[in-house]
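A structural walkthrough
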Amino acid sequence: MSSGRFSHLLRGVLVLLPAVIVAGTRSKLWEVPTGHFTSSSNKTESLQWEHCQYRHLKEGVRITADIPPKLDGTWVSTRCEVRPGPEFLTRSYTFHSNRHFQALQHYYTESSCEDPAYSLMIRGKIRLLQASWITRGATEAEHHLSRVGIVLHSIAAKQRLASRLPPACVSLSLNEAVPGKPYELYNTRAGRACLAAMGFSVMEMGLVRVEMQHHSHGGEVQELFLGDIHTDWAQRTQHRPTGYQQPLQNAMYHIHPCPVCALVYRSSEQRPPVLPRAPAVPLSLEGHWVSQRCETRPSVLFLTRDFTFNPGQHAWRGIYRHYLDPACSQPTFTLTALGHYAQGNPSSKLSGASEFVFKVTQVKVTAMDESTAKLLNSTRPGKCGRVGNWRHGVEQDLSPTNGCPMLGIRLPHKEYELFKMELDHRKHPLLFTGERPTDGSSPDRPLRRPTSFQLPMVLCNGGEMHPSFSTFNSKQVQLASGTAGLEKLVLLVFGSALCSWLDVY
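Residues numbered from 1 in each chain as written. Predicted model: local features only at pLDDT ≥ 70, side-chain atom pairs only at ≥ 80, totals over all residues. Heavy atoms only, no water.

Considering the overall build of the protein
When helices and strands are counted, the protein shows 8 helices and 25 strands. In the protein, which comprises 505 residues, the proportion classed as buried is 57%. Once local pairs closer than 6 in sequence are excluded, the contacts in the protein between residues at least 24 apart make up 64%. Carbon together with sulfur atoms contributes 52% to the accessible area of the protein, which is approximately 21600 Å² in total. (Helix = DSSP H or I, 4+ residues; strand = E, 2+ residues; numbered from the N terminus. Buried < 20%, exposed > 50% of the residue type's maximum accessible area, 1.4 Å probe, protein only. Contact = heavy atoms within 4.5 Å. Areas by Shrake-Rupley, 256 points an atom, 1.4 Å probe, with all protein chains shown as cover.)

What to know about the pairing of strand β7 (residues 116–131)
Sheet topology note: the strand β6 (residues 100–108)/β7 ladder contains 9 bridges and is antiparallel. Among the inter-strand pairings, Tyr107 is bridged to a residue of β7, identified as Tyr118. Pairing analysis gives 13 bridges linking β7 to strand β8 (residues 139–152), with the strands arranged antiparallel. Its bridge partner being in β8, Arg127 is matched across the sheet by Glu142. (Pairing = 2+ DSSP bridges.)

A look at the state of the cysteines
Applying the stated criterion across every chain, the model contains 4 disulfides. Sulfur-sulfur distance for the disulfide between Cys294 and Cys328 comes to 2.0 Å. Disulfide Cys294-Cys328: the torsion about the S-S bond is 75°, which places it as right-handed. Within this pair, whereas Cys294 is found in the loop between β13 (287–291) and β14 (295–297), its partner Cys328 is found in the loop between β16 (315–323) and β17 (331–346), the two being separated by 34 residues in sequence. By relative accessible area, Cys294 is classed as buried at 11%. On the basis of relative accessibility, which here comes to 2%, the residue Cys328 falls in the buried class. (Disulfide = S-S within 2.5 Å.)

Here we look at the environment of Ala103
As for its placement among the helices and strands, Ala103 is situated in strand β6. Overall, Ala103 belongs to the buried group, its relative accessible area being 3%. Each C-alpha atom, one on Ala103 and one on Met121, is 6.0 Å from the other, the two residues being 18 residues apart in sequence. What Ala103 contacts, discounting residues up to four positions off in sequence, is Ser92, Tyr93, Leu120, Met121 and Ile122.

Some words on the packing of aromatic side chains
Counted under the stated rule, the structure contains 16 aromatic pairs. Put simply, the rings of Phe307, Phe309, Trp316, Tyr320, Tyr341, Phe356, Phe358 and Phe419 touch in pairs and so form one group of aromatic residues. Over the ring of Tyr93 we find Arg91; its NZ or CZ atom is 5.6 Å from the centre of that ring. (Phe/Tyr/Trp six-rings, centres within 6.5 Å; stacked < 30°, edge-to-face > 60°. Lys NZ or Arg CZ within 6 Å of the ring centre and 35° of its normal.)

Describing helix α2 (residues 155–164)
Among all positions in α2, only Ala157, Lys158 and Leu161 are buried. For α2, the angular spread of buried residues about the axis comes to 100°, placing them on one side. Opposite the buried face of α2, by more than 90 degrees, sit the exposed residues Gln159 and Ser163. (Arc of directions from axis to C-beta.)

Digging into the pattern of salt bridges
Once their charged atoms are close, side chains differing in charge can pair, the charge on each being opposite to the other. Using the criterion set out here, one finds 23 salt bridges in the structure. A salt bridge links Glu295 to Arg305; its shortest N-O distance comes to 2.9 Å. One end of the pair, Glu295, is in strand β14; the other, Arg305, is in strand β15 (residues 301–310), with 10 residues separating them in the sequence. Of the residues examined, Arg305 reaches a relative accessible area of 0% and is grouped as buried. (Salt bridge = Lys/Arg side-chain N within 4 Å of Asp/Glu carboxyl O.)

Digging into the pairing of strand β22 (residues 413–423)
A regular strand places its side chains so that they alternate between the two faces of the sheet. Counted residue by residue, β22 has 8 buried out of 11 residues, so it is predominantly covered. Pairing analysis gives 7 bridges linking strand β18 (residues 354–367) to β22, with the strands arranged antiparallel. Directly across from Phe358, in β22, lies its bridge partner Glu415. By the bridge criterion, 5 bridges tie β22 to strand β23 (residues 429–433) in an arrangement that is antiparallel. Across the sheet, the residue bridging to Glu422 is Leu430, located in β23. The turn linking β22 back onto β23 is made up of 5 residues, and Lys427 within it adopts a positive phi angle of 70°.

Regarding the nonpolar core
Generally speaking, soluble globular proteins have nonpolar side chains that are buried together. Judged by nonpolar contacts, the single largest core of 39 residues is most densely connected at Phe95, Tyr118, Leu120, Ile122, Ile150, Met198 and Phe200. With residues near it in sequence (within four places) discarded, Tyr118 still touches Gln105, His106, Tyr107, Ile150, Val151, Leu152, His153, Leu161, Arg164 and Met198. Ranked by size, the runner-up nonpolar core spans 32 residues in total, among them Phe356, Cys384, Cys404 and Leu411. (Core = buried A, V, L, I, M, F, W, Y, C linked by side-chain atoms within 4.5 Å.)

A few points about the side chain of Thr332
Note on placement: Thr332 falls in strand β17. Residue classification places Thr332 among the buried residues on the basis of a relative accessible area of 6%. In this structure Thr332 touches His322, Tyr323, Leu324, Thr366, Ala367, Met368, Asp369 and Thr372, once residues within four positions along its chain are discounted.

Some words on unusual backbone geometry
For residues besides glycine, phi is generally negative; the peptide bonds are generally trans as well. A cis geometry characterises the amide bond from His256 onward to Pro257, with omega recorded as -5°. At the junction of Leu411 and Pro412, the peptide bond is cis and its omega measures out at -10° in the coordinates. On the secondary structure map, Pro412 appears in the loop between β21 (409–410) and β22. Although it is not a glycine, Arg99 adopts a positive phi angle of roughly 80°. Mapping Arg99 onto the fold places it in the loop between β5 (87–95) and β6. Of note in the backbone geometry, Cys113 takes a positive phi value of approximately 55° without being a glycine. The residue Cys113 is located in the loop between β6 and β7 in this model. Residue Cys113 is classed as buried on the basis of its relative accessible area, which comes to 0%.

Listed below in structure tokens is the structure:
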């Protein structure tokens with residue numbers, strides 16, 4: 001069975017899993033609200049993250065996340081965002097206390113967001129439904145659109161957009177559009193066929209999470225995570241998200257300095273933000289790179305990444321630490337991959353990005369709990385390491401068995417990647433790696449090379465550093481002792497995609 005099929009199986013199992021646990025134990029921690037939220041359903045999770053040895057990252061950051069989230073306010077992009085395709089955009093979303101929202105999406109012709117093509121004005125209502133059974137720490141929501149308008153910013157943009165749409169949509173929607181003037185694409189009396197042809201969707205609002213970062217120096221940063229965008233264009237308008245995309249930041253609580261935040265906040269559909277040209281950053285992989293936060297992937301994966309590159313030998317090592325929860329406080333297993341890489345040509349689709357080919361020649365796995373070790377010991381001899389030798393906390397090399405089919409690992413393995421470097425608001429380097437396919441497949445051929453990025457990683461100042469988490473005042477991330485083992489075991493038995501190297505690279 002492919003890792004993609006495992007992912008779909010996993011989603012179905014996770015939908016049913018909480019009901020099974022509740023029926024058997026009646027744990028209140030699994031009694032997710034099914035109707036309107038009440039004040040009694042508020043829960044906060046906190047974690048403290050120590051990034052690495054950089055002095056400016058040593059400070060602890062405490063993160064809280066309320067369920068249900070408080071959406072009121074305006075949320076803006078902090079950089080030029082890249083969506084699969086690729087598409088380049090900035091976003092400004094405003095939510096009101098009466099559940100109405102206004103969303104501005106500004107689209108551009110290139111990856112630095114300097115040349116606006118068109119802007120979409122989206123109005124509607126959003127209703128929070130319940131804490132997600134599938135993605136822990138998230139809230140499910142539903143939305144209703146009332147109006148979608150477009151403002152074209154040039155004749156060339158009008159021509160490019162017309163080339164993507166069916167003739168009927170061009171005659172109905174674009175023929176009358178004049179650059180600089182609003183034109184209505186959709187209202188409650190019209191159909192959505194032309195919106196779908198544009199690849200337009202706000203299915204991202206089906207999954208929401210709000211985090212507040214409390215920095216030790218007293219500053220606060222509030223971020224809004226909305227659902228992920230499917231990497232397959234044909235699937236994006238129907239995709240039900242289970243992961244997140246690049247977060248938006250609250251216009252009142254954002255990183256400082258943030259010139260992009262101010263430009264996006266002050267923008268309108270007729271005055272799109274033109275972002276300042278960022279300095280070109282030469283791609284230099286040498287060193288040790290780590291995740292900035294506990295990361296979430298589609299198909300219910302919580303993990304942190306830890307990469308080390310040796311350009312002299314074209315060698316690399318990746319450590320993927322997997323967890324059960326969005327605070328990355330309950331480890332399940334750790335996967336270490338080693339191999340070589342070769343840098344190719346600059347990307348023809350994404351300016352400043354470079355193509356790579358990575359080869360994985362060795363994989364080691366460490367079971368971080370007894371349930372994982374028990375599952376691995378149940379495999380057939382010669383298929384997944386040394387059967388009977390899996391122990392909690394003890395690493396095993398999968399090279400002698402050429403991988404592990406149960407975990408979706410095969411050796412050797414080759415993937416086609418896309419890397420880019422930028423500087424953050426403090427002029428420190430960020431490493432962007434290609435976004436994983438939503439369906440769990442592998443970019444194992446050039447045509448499957450990513451066209452968008454995962455959350456960026458930060459460079460550490462040498463040494464073998466390991467992300468350090470601590471949780472406190474956390475109701476949501478703790479399980480009743482009677483259910484934790486059952487949850488882990490069911491996740492592992494039915495969710496081999498959790499363990500798939502292909503899903504988490």
